[in-house]
Amino acid sequence: MAYDNFLADRIRLSLKEKHISFEEKKMMGGLCFMVEDKMCVGVVKDNLMARIDPEIYDKALQEKGCREMDFTGRPMKGFVFVEPEGIDLDQDLNYWIQLCLKYNPKAKSSKKK
C-alpha cells in the first residue's frame, strides 16, 4: 500500500522547521513519524494520521476532513485520519501537527519487543 510522498515531505519539513527530532518508520502500510520514541503523526494512503489528546478527540472529529481512525475496523480513541481537504493548506497541516506534538509528551510509548 503506497502513501502520499508529498504529504510525507510536508510533515518532514514542518517538523524540521519546529526543530523537532524524529525518526521515520514504515508501518500500517504507511509512514509514521516517531517523536521521543512515540508514534506522533503519519501518512496512510493520502490521509494524515494524527495522534491527539483523547480529551479533544470528539471536538477534533468536527474539523474539516477529520474522521475516526478505523484502521483496525473499529475506531481508535486518540487517533484520527485527516483527509486531504483538511490539510491542503500548510496552516491546516501545521494545526494538526501541533496538536500531535502537544499531546506527545503525555502519550505512552509502545512497549519494545
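Everything numeric here is computed off the predicted structure, so don't read it as measured data.

Thresholds applied
Residues numbered from 1 in each chain as written. Predicted model: local features only at pLDDT ≥ 70, side-chain atom pairs only at ≥ 80, totals over all residues. Heavy atoms only, no water. Phe/Tyr/Trp six-rings, centres within 6.5 Å; stacked < 30°, edge-to-face > 60°. Buried < 20%, exposed > 50% of the residue type's maximum accessible area, 1.4 Å probe, protein only. UniProt positions renumbered as here; feature names shortened; annotations may be inferred. Helix = DSSP H or I, 4+ residues; strand = E, 2+ residues; numbered from the N terminus. Core = buried A, V, L, I, M, F, W, Y, C linked by side-chain atoms within 4.5 Å. Contact = heavy atoms within 4.5 Å.

The subject of this paragraph is the packing of aromatic side chains. This model, assessed by the stated rule, comprises two aromatic pairs. Ring geometry for tyrosine 95 against tryptophan 96: centres 5.3 Å apart, planes inclined by 80°, an arrangement best described as edge-to-face. Tyrosine 95 sits in the partly exposed class, given a relative accessible area of 34%.

Quick look at the UniProt feature "domain: TfoX N-terminal" (unreviewed entry) in the protein now. Annotation from UniProt places "domain: TfoX N-terminal" (unreviewed entry) at residues 22-102. Secondary structure across residues 22-102 comprises 21% helix and 37% strand; the distance between its end C-alpha atoms is 15 Å.

Ranked by internal contacts, the top residues of the largest apolar core, which has 26 residues, are Ile11, Leu48, Val80 and Trp96. Of all elements in the fold, only helix H1 (5-17), strand S2 (30-35), strand S3 (38-44), strand S4 (47-51), helix H2 (57-60), strand S6 (79-82) and helix H3 (90-103) reach the threshold of two or more residues within this core. It is H3 that provides the largest number of residues to this core, a total of six residues. The contact partners of leucine 48, leaving out residues within four places of it in the chain, are Leu7, Ile11, Val41, Gly42, Val80, Phe81, Val82, Ile87, Leu93 and Trp96.

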